[in-house]
Amino acid sequence: MAEVKLFGNWGSPFSCRIEIALKLKGVEYEFIEEDVYNDNKSPLLLKYNPVHKKIPVLLHNGKPICESVVILEYIDETWEGPSILPKDPYERAMARFWTKFLEEKCFPPMKQASWSTGEEQEKAKEEATELLKILEGTLSGKKFFGGDSIGMVDIVANFIAHWFIILQEITGLELLTHEKFPKLGQWLDDYLSCSIIKETLPPKDKLTASFQARIQAATTSK
Amino acid sequence: MEDEGVVLLGFWSSPYVMRVKIALEEKGIQFLYKEEENIFRSKSPLLLQANPIYMKVPVLIHNGKPICESLNILEYIDEVWKDKFTILPHHPYEKAKSRFWIHFFDKMIFDIGRRMWASKGEDQDAAKLEFLKSLKLLEEELGDKPYFGGDQFGLLDIALIPFSCRFYTYEMFCKFSVEKSCPKFMKWVNKCNERGSVSKALPNPYKVYDFVLEVKKMLGIE
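Just so you know, these numbers come straight off a predicted model, no measurement behind them.

K.L.:
Tell me what's going on with the overall build of chain A, and back it up with residues and numbers.
P.N.:
Each helix and strand counted, chain A has ten helices and four strands in total. Each helix (α) and strand (β) of chain A, taken in turn from the N terminus, gives the series β-α-β-α-β-β-α-α-α-α-α-α-α-α. Computed over its C-alpha atoms, the radius of gyration of chain A comes to 18 Å, within 12% of the 17 Å expected for a compact globule of 222 residues. Projected onto the principal axes, the alpha-carbon positions of chain A cover approximately 50 × 45 × 30 Å. Burial statistics for chain A: of 222 residues in total, 51% are counted as buried. Intrachain contacts of chain A at a sequence separation of at least 6 include 66% that bridge at least 24 residues. Summed over its atoms, the accessible surface of chain A is roughly 10,600 Å², and 51% of this surface lies on carbon and sulfur atoms.

Now the structure itself:
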């Protein structure tokens, strides 16, 4: 039995985060694909995450760890290798703060701006723009949110670098551009050139097709 | 921000602030407490400077640097003042479990807590049932241990206990008894209340209830 198993989905930014972290640490793992988008969850997933019934779930020596940010901290504490969180307590607190900021403040309006229309979309776009300005500010003098190398905040920002950029291309939204946000634009380029990121992100054409299918399904069901 | 050692910006009725007070007390850390007296109408310049994004308490200011978000603050305190009373469990798996349950509870109470005192009828009933379901899940996690941390009062205990001062309020609005529905949970509450750090930090539940009545009036909620 593999010591480390990851329950995830090929298209999920959340399980992708965990794969990035495990690869950064050089940890071998078995990936178990869960058909979550068709609500076809396996009995094992339901057993290991009975509270939320969601991916990702990391199984280490038979013990499940749930919630992607909790898993990232667990991985950093358990395995040697490049640090996901900084060593300094204040810098760690800042990394945790910005991680939560991304998840709770940034991603919802960014998703809303991508999937909605009309006034709802306009409002979401305004909100997302203000939040992107704040993020742009945090990159001052840094290559990555984590400094010289990728850290927790960069890992969690995978949604912006890949999923959101693809949604922008499909919908014609121009929220995050190199012109409007030069530092974020540079971060995107540097992030997407990292070999671990490149090999872990789901294929662009597959993700594009899946988004287009969802948009199609949403418009035809109206 | 001036360097005044350790400063805590708070508001007396915030359970998130109580978490930090308990942790500082358990660690024997001297701190200056600054109450945001007018938090609903006008926040102090110091709070706006220290937490410009969320403008919320608690904020811990240490050596002139602000740390926001209660869980971040608890982890920071534990990492900086290492020699006295350990807050976080030792093993990464136990840390992960504590963090998981705190996220679970915080997400739940943010929505459910308000619905229990602010809404009526079916919505209020549904909130009450969800609240009790969550406490029962936590009772399972507690098991036969004296504390969530085992023999030691720890992170999850510190995170949860402040909400017990709101139980009377929830019970009055929703007509139920936590003691009757979740006796094991109340046994744990009573054990925690024996600790000086907890009894010092938690306000009188009747004062909390009166305050919620005032807030309802102020917000125009019947």
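Now, onward.
K.L.:
Give a detailed account of the overall build of chain B, specifying residues and quantitative values.
P.N.:
Secondary structure assignment for chain B yields eleven helices and four strands. Here the C-alpha atoms of chain B give a radius of gyration of 17 Å, agreeing with the 17 Å that 2.2 N^0.38 yields for 222 residues. Across its three principal axes, chain B shows a C-alpha extent of roughly 50 × 45 × 25 Å. Here chain B holds 222 residues, and 56% of them are scored as buried. A separation of at least 24 residues holds for 69% of the contacts in chain B among residues at least 6 apart in sequence. Averaging the locations of the 32 positively and 32 negatively charged side chains of chain B gives two centres separated by 2 Å.

K.L.:
So what's going on with the layout of surface pockets? Which residues, and what values?
P.N.:
The volume enclosed by the second largest pocket comes to roughly 540 Å³. Residue lining of the second largest pocket: 26 residues in total, with Glu-77 and Arg-92 of chain A together with Glu-79, Lys-82 and Lys-95 of chain B positioned closest to the centre. Looking at the lining of the second largest pocket residue by residue, the classes come out as seven nonpolar, five polar and 14 charged.

K.L.:
Explain the UniProt feature "domain: GST C-terminal" (unreviewed entry) in chain B to me, and be specific about the residues and the numbers.
P.N.:
According to UniProt, the feature "domain: GST C-terminal" (unreviewed entry) maps to residues 91–211 of chain B in the numbering used here. Along residues 91–211 of chain B, the helical share is 75% and the strand share 0%, with 40 Å between the first and last C-alpha atoms.

K.L.:
Residue-level account of the packing of aromatic side chains, with values.
P.N.:
On inspection of all chains with the given rule, the structure shows 28 aromatic pairs over all chains. Look at Phe-100 of chain B and Trp-101 of chain B: their rings are 5.2 Å apart centre to centre, the planes differ by 85°, and that puts the pair in the edge-to-face class. Taken individually, Phe-100 of chain B and Trp-101 of chain B each receive the classification buried, so the pair is uniform in this respect. Here the aromatic rings of Phe-148 of chain B and Trp-188 of chain B are separated by 5.0 Å at their centres, their planes lie at 80°, and the arrangement is edge-to-face. Of this pair, Phe-148 of chain B sits in the loop between helix H5 (121–142) and helix H6 (155–160) while Trp-188 of chain B is found in helix H9 (residues 183–193), placing the two residues 40 residues apart along the sequence. Neither residue differs from the other here; Phe-148 of chain B and Trp-188 of chain B are each classed as buried. Site record: aromatic cluster; members linked through ring pairs are Phe-131, Phe-148, Phe-167, Tyr-170, Phe-176, Phe-185 and Trp-188 of chain B. Against the face of Phe-159 of chain A rests Lys-111 of chain A, its NZ or CZ located 5.5 Å from the ring centre. In this arrangement the basic side chain of Lys-21 of chain B is found over the ring face of Tyr-33 of chain B, its NZ or CZ atom lying 4.2 Å from the centre.

Conventions and cut-offs
Residues numbered from 1 in each chain as written. Chains lettered and ligands numbered in written order. Predicted model: local features only at pLDDT ≥ 70, side-chain atom pairs only at ≥ 80, totals over all residues. Heavy atoms only, no water. Helix = DSSP H or I, 4+ residues; strand = E, 2+ residues; numbered from the N terminus. Rg over C-alpha atoms; globule rule 2.2 N^0.38 Å. Buried < 20%, exposed > 50% of the residue type's maximum accessible area, 1.4 Å probe, protein only. Contact = heavy atoms within 4.5 Å. Areas by Shrake-Rupley, 256 points an atom, 1.4 Å probe, with all protein chains shown as cover. Lys, Arg positive; Asp, Glu negative; His and termini not counted. Charge placed at Lys NZ, Arg CZ, Asp CG, Glu CD. 1 Å grid on protein atoms, 1.4 Å probe; cavity = no way out; pocket = protein on both sides within 12 Å on 5 of 7 lines; lining within 4 Å. Points joined across faces, edges and corners; volume = space filled by probe spheres on them. Nonpolar A, V, L, I, M, F, W, Y, C, P; charged D, E, K, R; others polar. UniProt positions renumbered as here; feature names shortened; annotations may be inferred. Phe/Tyr/Trp six-rings, centres within 6.5 Å; stacked < 30°, edge-to-face > 60°. Lys NZ or Arg CZ within 6 Å of the ring centre and 35° of its normal.

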